[in-house]
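Here is what each chain is made of, one letter per residue.
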Amino acid sequence: MREILGRRLQRLRDRFQSLRPDTGQGGTASALLDAALVCTTTWQWPVLPGVGRSATDGSRCACPDPDCVVPGAHPFDPGLLAATTDPRMVAWWWTNRPTAPVLMATGGTAPCAVSLPAGAAARALVRLDAQGMRLGPVVATPTRWSLLVAPYSLERLGELLYAKDHVPSSLRFHGEGGYLLLPPSAASSGGQVRWEREPQSWPQPQPQSRQRRQQRWARQHSPVEEQPQGAVKLWLPDVEAVVDALVEASSGAPGGGSRLAY
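Each chain has its residues counted from 1, running along the sequence as written. Only residues with pLDDT of at least 70 get local features here, since the model is predicted, and only at 80 or more are side-chain atom pairs given and counted; chain-wide, interface and lining totals rely on the full set of residues. In computing side-chain properties, one takes all heavy atoms of the structure into account and sets aside hydrogens as well as water.

Draft legend 1. A look at helix H7 (residues 239-250). Every helix listed is a DSSP run of H or I at least four residues long, and every strand listed is a run of E at least two residues long, numbered separately from the N terminus. Expected helix span is given by 1.5 Å per residue-to-residue step, counting one fewer step than there are residues. With 12 residues, H7 should reach 16 Å at 1.5 Å per residue; the first-to-last C-alpha distance of 15 Å fits that figure. Only protein chains enter the accessibility calculation, which uses a 1.4 Å probe; a residue is then buried when its area is under 20% of its type maximum, exposed when over 50%, and partly exposed in between. Looking only at H7, the buried set comprises Val239, Val242, Val243, Ala245, Leu246, Val247, Ala249 and Ser250. Any two residues whose heavy atoms approach within 4.5 Å at even a single point are treated as in contact. For H7, the elements touching its buried residues are strand E3 (112-117), helix H4 (118-130), strand E5 (144-149), helix H5 (154-162) and strand E6 (172-174). Once H7 finishes, Gly252 follows within two positions and takes phi at roughly 85°, a positive value.

Here it is as structure tokens:
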């Protein structure tokens, strides 16, 4: 599987190689474009470039807000609605902005995510591993980790959280209309975004009840027959399966308020 994906990525890389400008940051630019192409062509995740840092002051965001709390790590131009799985559009974006962060638009047919402070997330992963829970991809920055989960609706999330006695403000949900910063982008808090747990393909066999639920959701929102050739279906747990451990781990953790500090 890795060999096949590697050949497909190399063909795409070769196809767009002649379009890339010489930025003097070839390694970083190549890694970002490669990551964006893998997201769109292999995993079918809609992506777009983040706004990035100011060209004159690398500590500041390139957006007009002088007090931006997530410098460089949010959509601006293009806006979030422009997120796409079209590799030609992705190649054009990163040809013109080779160091732009990679953002995934969450929700819809794309994964959703739950994020929490890094220390709390590490504790939650230990608990979930001890329970034998199979986790999906985990995106890590120096300050926050994000667990990717199967798509959920706002109504479903609201019912789930309503049943909780308390939901810490340090726990954040990235659903439809949201976005997530992906590796190997630069994190707004410093350092680099990385995979704490890399994406893995769908396991076989699945429990029948889980399989039926996922197949029913897929028929309604992302029919299997329309999945592009060569795309890989990744394993994503349901949000219900992980939320209790995340709520418990993030209770009392710093990181509340409106500052996202990715």
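Draft legend 2. Local environment of the sheet that holds strand E4 (residues 138-140). In space, the 5 strands of this open sheet follow the order E6-E3-E5-E4-E8, with antiparallel pairing throughout. Two strands lie at the open edges of the sheet, namely E6 and strand E8 (194-197), each paired on one side alone. Averaged over all neighbouring strand pairs, the angle between strand axes comes to 30°, with direction disregarded. Paired strands, in this sense, are two strands between which DSSP finds at least two bridges. One ladder, built from 6 bridges, connects E3 with E5; its direction is antiparallel. Bridge pairing links Cys112 to Val149 in E5. For every element, the axis is a line fit to its C-alpha atoms; helices are fit only across the contacting stretch, and the angle between N-to-C directions ranges from 0 to 180 degrees.

Draft legend 3. Looking closely at the packing of aromatic side chains. Between the rings of Phe, Tyr and Trp (Trp by its six-membered ring), a pair exists once the centres lie within 6.5 Å; its type follows the angle of the planes, with under 30 degrees stacked, over 60 edge-to-face, and the other angles tilted. Per the counting criterion, the structure on display carries 4 aromatic pairs. Between Trp43 and Trp45 the ring centres are 4.8 Å apart and the planes differ by 45°, which places this aromatic pair in the tilted class. Just as Trp43 is buried, Trp45 falls in that class too. Between Trp93 and Trp94, the aromatic rings sit 6.5 Å apart at their centres with planes inclined by 75°, giving edge-to-face as the arrangement.

Draft legend 4. Inspection of the pattern of salt bridges at higher detail. Salt bridge, as used here: a side-chain nitrogen of Lys or Arg that lies within 4 Å of a carboxyl oxygen of Asp or Glu. Tallied over the entire structure, the rule returns 7 salt bridges. Of the charged contacts, one joins Asp244 and Lys164 as a salt bridge, the two residues approaching to 2.2 Å between their closest N and O atoms. Pair noted here: Asp244 is in helix H7 and Lys164 is in the loop between H5 and E6, with a separation of 80 residues, a long-range link. A relative accessible area of 41% places Asp244 in the partly exposed class.

Draft legend 5. Here's a closer look at the nonpolar core. Buried residues of nine kinds, namely Ala, Val, Leu, Ile, Met, Phe, Trp, Tyr and Cys, make up a nonpolar core once their side-chain atoms join them within 4.5 Å. Trp45, Trp94, Leu148 and Leu182 are the most contacted members of the largest nonpolar core, which totals 38 residues. Secondary structure elements with two or more residues in this core: helix H2 (26-42), strand E1 (47-49), helix H3 (87-96), strand E2 (102-105) and strand E7 (179-182). In terms of residues, this core owes the most to one element, H2, which gives 6 residues. Not counting residues up to four positions away in its chain, the partners in contact with Trp45 are Cys39, Thr40, Thr84, Thr85, Met104, Pro111, Leu148, Leu182, Trp195, Pro199 and Leu234. Core analysis: the next-biggest nonpolar cluster, separate from the first, contains 27 residues, Leu116, Val149, Leu171 and Ala253 among them.

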